[in-house]
Amino acid sequence: MPKIYGAILSPYVRKVLLVLEAKGVEYENQQVFPGALPEGYEKISPLGKIPALQEGDFSLSDSTVINEYLEERYSQHPMFPVGTQDRAKARWLEEFADTALVDALLVPFFQRIVAPMRGLETDNDAIAKAEAKIIPKALAYVESVVPGADFLFEQRLTIADIALVSPFINAEIGGYQLDAERWPKTAAYVAFVRGQDIIQAREAKEKALLGQ
Ligand SMILES: N[C@@H](CCC(=O)N[C@@H](CS)C(=O)NCC(=O)O)C(=O)O
């Protein structure tokens, strides 16, 4: 059974857990937090990041790499679209989500949730700057690519939907409110994908673990 190391509120860990859940693969999850890594963790995650996967004596890090491995290892419920160009596009959207979108949408989450947990003060200027410039820039691109209340590819959940929606969950936990008038397609898309059973179930598990 694959074991996933990583804190469940990480948008990258969530991506991997959702792929396992969509595929119906049983797994174990060990909560590992950046800054408090278990001894020897660098052997399975050389950059010291979460998530990491261990399956027998095989280990792997990086959510995108792990998900590509899971796609080949567990072929049921494919998470990538079928056509070559759609597959490439899905990979690009995952890359965009993991970089520019996480960098933008996780500012309120980091400042309001993670910083106090680490004994740091919330930097409200950083949140204001993100909300004024960084987030709108990322959302303008999201708004240009999402279809509204539908999946991105083949009328089914793919890795692109999971990757794009995951940081929006962190943004909401961090108190960011998506402006549905300014970003109507994005708001409809995020609500639609978050309404899918496996995502609802994952969010319920996160809330249960957080004691909410
Ligand atoms: N590209 C990596 C990014 C993983 C990542 O940055 N994870 C964060 C937590 S959300 C982390 O471990 N940060 C600790 C650090 O950068 O040292 C992936 O997709 O897995």
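Now for a description of the structure that goes with this document. Note that this is a predicted model, so its numbers are computed, not measured. Counting restarts for each chain: residues are numbered from 1 in the order of the written sequence. The predicted origin of the model limits local features to residues at a pLDDT of at least 70 and limits the giving and counting of side-chain atom pairs to 80 or more, whereas totals for whole chains, interfaces and linings rest on all residues. Computation of side-chain values: all heavy atoms of the structure, hydrogens and water removed.

A separate point is the site of the ligand. The near set for a molecule or strand comprises every residue that places at least one heavy atom within 4 Å of it. Around the ligand, the neighbouring residues are Ser10, Tyr12, Pro34, Lys49, Ile50, Pro51, Asp62 and Ser63. Polar contacts, as used here, are pairs of N or O atoms within 3.5 Å; protein pairs need one atom able to donate a hydrogen and one able to accept it. Residues neighboring in sequence count only if both atoms are side-chain atoms. In this structure, a nitrogen atom belonging to the ligand sits 2.9 Å away from a main-chain N or O atom of Ile50. Contact distances for the ligand include 2.9 Å between a nitrogen atom and a side-chain N or O atom of Asp62. The protein chains shown are the only cover counted for residues, whose accessible areas, like all others here, come from Shrake-Rupley with a 1.4 Å probe. Protein chains bury 68% of the 510 Å² of accessible surface belonging to the ligand in isolation. All residues other than Ala, Val, Leu, Ile, Met, Phe, Trp, Tyr, Cys, Pro, Asp, Glu, Lys and Arg, Gly among them, are scored as polar; the first ten of these are nonpolar and the last four charged. Looking at the shell around the ligand residue by residue, the classes come out as four nonpolar, two polar and two charged.

A few words on the environment of Ile159. Helix numbers and strand numbers start at the N terminus; a helix is a DSSP run of H or I with at least 4 residues, a strand a run of E with at least 2. With respect to the helices and strands, the residue Ile159 is situated in helix α5 (residues 159–173). Accessible area is worked out with a 1.4 Å probe on protein chains only. A residue is then buried under 20% of its type maximum, exposed over 50%, and partly exposed in between. On the basis of relative accessible area, Ile159 is assigned to the buried category, the value being 0%. Taking the C-alpha atoms as reference, Ile159 lies 25 Å from Gly175; in sequence the two are 16 residues apart. For Ile159, the contacting residues outside a window of four places in its chain are Val19, Asn67, Met79, Phe80, Ala90 and Glu94. Here, residues are in contact when the closest pair of their heavy atoms is within 4.5 Å.

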